[in-house]
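Structural overview for review
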Amino acid sequence: MSERVLFVDDEPNVLEGIRRALRKQVDLQTATSGAEGLRLMQEGGPFALVISDMRMPAMNGAQFLAKVREQAPDTVRMILSGHADLQATIAAVNEGHIYRFLSKPCPSDQLLTAVEDGLKQYRLLTAEKVLLEQTLSGSVRMLIEILGMVSPAASSRASRLQRYTLDLAAALGLAERWQWGLAAFVSQIGCVALPKEILSKVEAGQVLTGEEKRLYESHPEIAGKLLAAIPRLEDVAAIVTAQFGPLSFSGMSEDVAQWDVRGIGQLLLRTSIEFDRSIASGVTREAAAESLRASKLGLPISIIKALTNLSITNQERVVRQIRLQDLSPGMILDEDLVSPKGIRLVPSGQEVTRTLIVRLTSIADGVGVAEPFRVRVTI
């Protein structure tokens, strides 16, 4: 077995007996206290299975396994104890989410069987997690690919929003949460349901009529419904749906880090949208940050400061002339991309994505692409 197992018991004789019984069958480490066990997990983890004695000084088995669960939620946890204390048993189950109880003394064959069962459970949990993540990743990639084909500009805008959102979260010192960046990245997928005429006007910066504006601002609800059908994306769907909704921070802590995932996500995405909208109108990043400070959105002071720092520390871009074969994601077109006959293929200002490269490669094989052309590249 390649998965590692950690035994924790304050009696050295017990640990020595376990080592003798399992050393040839299990990749085993031992610790004589909960504190030592947590140290081993931090320095040498992860462990597939952790088995702990119940009654230990300073930190009992229930307390230790509760901390194990916080530190490594995928690790399977068991109790090996000679004390049948009902209250302690209930505490262990509630606090540590114990997979199995074993009683001392435990015969070697029963102990080995329990360890094998625990490792099987670990494999099951991790396999399910990998499957979910791959399914989730594939679903999101498919949605973004479709968006890139229907509206390259919306796909490019989504990439910028994701970058702003992640940079803002980092500037605020927030703990990393995958929901925020993903919500920004998929925030524009509802545009696939909008008429091309409206998308063209939005991309060109033209003023929308009242009816067109209402229709355009319905795309978050469309996106939310698409995302809600994907498991584990409930928070992402809620953040995306609320991206144009009213912001209300009354009664909320001044420390944004204390807000829930959805509240922070909505704040980060809305700030990024307004920031991107200002920059698209032609103002500088510093002016865009200042306009948000003076706006009626009532954004928290902390996010305005983070936005100001973001505008100052943003990486500089230089203009270069390249050929299609040298195009890579993240570049910004500094001129309209046209065919050899002058037909506009992609407007200036478009951020290059993998989907756009595939599309242009296909066009190059047909009508062709005028080369070289100018792009802005991050230094």
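Every residue gets a number counted from 1 within its own chain, in the order that chain's sequence is written. pLDDT decides what is reported in this predicted model: residues at 70 or higher carry local features, side-chain atom pairs at 80 or more are listed and counted, and totals for whole chains, interfaces and linings draw on all residues regardless. Neither water nor hydrogens contribute to the side-chain values; these are computed over all heavy atoms in the structure.

1. Some points on the layout of surface pockets
Vacant regions in the atomic arrangement are exposed by a probe of water-molecule size rolled over the atoms. Put plainly, a pocket is an open set of points on a 1 Å grid over the protein atoms alone with protein on both sides within 12 Å along at least five of seven lines, a cavity is a set where a 1.4 Å probe fits but cannot get out, and a lining residue has an atom within 4 Å of a point. Grid points are joined across faces, edges and corners, and a volume is the space filled by probe spheres set on the points. Looking at the second largest pocket, its volume works out to about 280 Å³. Along its surface, the second largest pocket is lined by 14 residues, and I144, S159, F185, T353 and R354 are the ones closest to its centre. Secondary structure follows DSSP: runs of H or I at least 4 residues long count as helices, runs of E at least 2 residues long count as strands, and numbering of each begins at the N terminus. Going through the elements one at a time, α5 (108–150), α6 (152–171) and α15 (354–364) are the ones with two or more residues in the lining of the second largest pocket. Three residue categories are used. Nonpolar comprises Ala, Val, Leu, Ile, Met, Phe, Trp, Tyr, Cys and Pro, charged comprises Asp, Glu, Lys and Arg, and polar comprises the others, including Gly. Classifying every residue of the lining of the second largest pocket by side-chain character gives four nonpolar, six polar and four charged.

2. Some thoughts on the side chain of D276
Mapped onto the elements, D276 comes out in helix α12 (residues 261–280). Residue D276 is classed as buried on the basis of its relative accessible area of 5%. Polar contacts, as counted here, are pairs of nitrogen or oxygen atoms within 3.5 Å of one another; within protein the pair requires one atom able to donate a hydrogen and one able to accept it, and residues that are adjacent in sequence qualify only if both atoms are side-chain atoms. Of note is the side chain of D276, whose polar atom sits 2.6 Å from the side chain of R160. Any two residues whose heavy atoms approach within 4.5 Å are treated as being in contact. For D276, the residues in contact, after removing those within four places along its chain, are R157, R160, L161 and Y164. The buried label goes to any residue with under 20% of its type's maximum accessible area, the exposed label to any with over 50%, and the partly exposed label to all in between, with areas taken from a 1.4 Å probe on protein chains only.

3. A word on the pairing of strand β2 (residues 27–31)
Taken together, the five bridges between strand β1 (residues 4–8) and β2 define a ladder with parallel strand orientation. Each bridged residue has a counterpart across the sheet, and for L6 the counterpart in β2 is Q29. Two strands are counted as paired when DSSP detects at least two bridges linking them.

4. Points about the packing of aromatic side chains
For any pair of aromatic rings, the description rests on two quantities: the centre-to-centre distance and the angle between the ring planes. Ring geometry is summarised as follows: Phe, Tyr and Trp rings, the Trp one being its six-membered ring, pair when their centres sit within 6.5 Å, and such pairs are stacked at plane angles under 30 degrees, edge-to-face over 60 and tilted between the two. Counted by the stated rule, this structure contains two aromatic pairs. Ring geometry for Y164 and F275: centres 5.2 Å apart, planes at 80°, overall edge-to-face. Residue Y164 is located in helix α6, and its partner F275 is located in helix α12; the two are separated by 111 residues in the primary sequence. Put simply, a charge is over a ring when the Lys NZ or the Arg CZ is close to the ring centre, within 6 Å, and near the line of the ring normal, within 35 degrees. In this structure, R4 is placed above the aromatic ring of F47, and the distance from its NZ or CZ to the ring centre is 4.4 Å. Against the face of Y164 rests R163, its NZ or CZ located 5.8 Å from the ring centre.

5. Digging into the pattern of salt bridges
If the charged atoms of two oppositely charged side chains come close together, the side chains can form a pair. By definition, a salt bridge exists where a carboxyl oxygen of Asp or Glu is found within 4 Å of a side-chain nitrogen of Lys or Arg. Tallying each qualifying case throughout the model produces 22 salt bridges. Here R20 ties to E16 by a salt bridge, and the two come within 3.8 Å at their closest N and O atoms. You can see R20 and its partner E16 sitting in helix α1 (residues 12–22), four residues apart, about one turn around the helix. The partner of E371 in a salt bridge is R323, with the nearest N and O atoms 3.5 Å apart. Pair noted here: E371 is in the loop between α15 and β10 (373–378) and R323 is in the loop between β6 (317–322) and β7 (332–333), with a separation of 48 residues, a long-range link. Salt bridges linked by common partners bring D334, E335, R374 and R376 together as one network.

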